[in-house]
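Residues per chain, in single letters:
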Amino acid sequence: MQEGIDLSIYCFGSYEPATARCLRRRLAPGMTALDLGANMGAHALPMARAVAPHGRVCAVEPTGWALEKLRKNLSLNPELKPILETVQAVIGDFKAGPPPKSFAASWNLESLDRGDEVHGGQGRDASAAEALALDALADRSGWSRLDLVKMDLDGYELGALKSGRRTLEKFRPVLVLELCPYILRREGATLEELADFLRSLGYSLRSLSGRRRLPWGPDLAREIPEGGSLNALALPGGD
């Protein structure tokens, strides 16, 4: 077993167990959910089970390598096919230029290639991915509701959120997202900008359990270890 995500599922029964527990608590049958940065479906498939039998999940992944694994995993769970839609796309606002043609999607434990010097992920081709705003995806999908968005976009979270302002204001979904200052900086954004945008939409930041409110401003950065990240909830309703 060479891939880090696969090994985590094999050893612990899930990938990012705290995030998996959060998603189980927040989803219920009949809901509509979106997984941005779905990779091989470690969260998308359990999300589909949680909203079954009449809910919907849209799993968006830019790399063909991971999307192929996702679709293979879906084929092994045929009962989820009516629920789980897969889309090869890069979500964001790319008016100033095209999106990257490669994204980190593999954490190969046996490869001599150490991958990205920041987070260790190995890039995979995304040249076939459609560049798509979140608002455009929502319009095309015809959602009548959107209850939850899980995001793991390696620094592109702010652009994706900004491209979906209308959708976020209309549906007010719960957001499960990664707060990673050093990855955001590399992609031209900051943790403060991401937090300010969420606050402008009337969201509050909380721990994954939902029990503890996270601070705004400089105190938020102090919650995250240097060189690390924090998975968190953004809940509609503000402070």
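Residues numbered from 1 in each chain as written. Predicted model: local features only at pLDDT ≥ 70, side-chain atom pairs only at ≥ 80, totals over all residues. Heavy atoms only, no water.

**Here's the deal with the overall build of the chain**
Next, step 1: Looking only at helices and strands, the chain features ten helices and eleven strands.
Next, step 2: The proportion of buried residues among the 239 residues of the chain is 49%.
Next, step 3: With an accessible surface of roughly 11,300 Å², the chain has 50% of that area assigned to carbon and sulfur atoms. (Helix = DSSP H or I, 4+ residues; strand = E, 2+ residues; numbered from the N terminus. Buried < 20%, exposed > 50% of the residue type's maximum accessible area, 1.4 Å probe, protein only. Areas by Shrake-Rupley, 256 points an atom, 1.4 Å probe, with all protein chains shown as cover.)

**Some points on helix α9 (residues 191–200)**
Next, step 1: Where α9 is concerned, the buried positions are L191, L194, A195, F197 and L198. Buried residues of α9, viewed axially, fall in a sector of 160 degrees; they line one side.
Next, step 2: Looking one or two places after α9, you find G202, whose phi comes out positive at around 85 degrees. (Arc of directions from axis to C-beta.)

**Thoughts on the packing of aromatic side chains**
Next, step 1: With the rule as written, the count across this model stands at one aromatic pair.
Next, step 2: With a centroid separation of 5.6 Å and an interplanar angle of 70 degrees, the aromatic rings of F103 and Y156 are classed as edge-to-face. Of the two residues, F103 is situated in strand β5 (residues 102–106) and Y156 in the loop between β8 (148–151) and α6 (157–162); the sequence distance between them amounts to 53 residues.
Next, step 3: The ring of W65 has R124 lying over it, and the distance from NZ or CZ to the ring centre is 4.8 Å. (Phe/Tyr/Trp six-rings, centres within 6.5 Å; stacked < 30°, edge-to-face > 60°. Lys NZ or Arg CZ within 6 Å of the ring centre and 35° of its normal.)

**Some thoughts on empty space enclosed by the protein**
Next, step 1: In this structure the tally under the stated criterion is one cavity of 30 Å³ or more.
Next, step 2: By volume, the largest cavity is sized at about 60 Å³.
Next, step 3: Around the largest cavity sit E16, T19, K150, M151, D152, V176, L177, E178 and N231, which together line it.
Next, step 4: Contributions of two or more residues to the lining of the largest cavity are made by β8 and β9 (174–179).
Next, step 5: By residue number, the principal contributor to the lining of the largest cavity is β9, which donates three residues. (1 Å grid on protein atoms, 1.4 Å probe; cavity = no way out; pocket = protein on both sides within 12 Å on 5 of 7 lines; lining within 4 Å. Points joined across faces, edges and corners; volume = space filled by probe spheres on them.)

**Thoughts on the pattern of salt bridges**
Next, step 1: Per the stated rule, a full pass over the model turns up eight salt bridges.
Next, step 2: For the salt bridge of D35 with K150, the shortest nitrogen-to-oxygen distance reads 2.8 Å. Of this pair, D35 sits in strand β1 (residues 32–36) while K150 sits in strand β8; the two residues are 115 residues apart in sequence, bridging distant segments of the chain. A single burial state applies to D35 and to K150, both of which are buried.
Next, step 3: A salt bridge links D139 to R166, with the nearest nitrogen and oxygen atoms 3.0 Å apart. With D139 in helix α5 (residues 134–141) and R166 in helix α7 (residues 165–171), the pair connects residues that are 27 residues apart, well separated along the chain. (Salt bridge = Lys/Arg side-chain N within 4 Å of Asp/Glu carboxyl O.)

**Quick word on the sheet that holds strand β2 (residues 56–60)**
Next, step 1: Taken together, the seven strands give an open sheet; going across it, the order is β3-β2-β1-β8-β9-β11-β10, and neighbouring strands pair in mixed fashion. At either margin of the open sheet sits one strand with a lone partner, and together these are β3 (84–87) and β10 (203–206). Pairwise comparison of adjacent strand axes, ignoring direction, gives a mean angle of 20 degrees for this sheet.
Next, step 2: Two strands pair when backbone bridges link them, and β1 and β2 are joined in this way by five bridges, in the parallel orientation. Each bridged residue has a counterpart across the sheet, and for L34 the counterpart in β2 is C58.
Next, step 3: Most of the contacts of helix α3 (residues 44–51) go to β2, to which it runs at about 170 degrees, and overall it touches β1, β2, β3 and β8.
Next, step 4: Across the sheet, helix α4 (residues 64–75) lies against β2 and β3, angled at about 160 degrees from β3, the strand it touches most. (Pairing = 2+ DSSP bridges. Axes fitted to C-alpha atoms, helices over the stretch in contact; angles between N-to-C directions. Contact = heavy atoms within 4.5 Å.)

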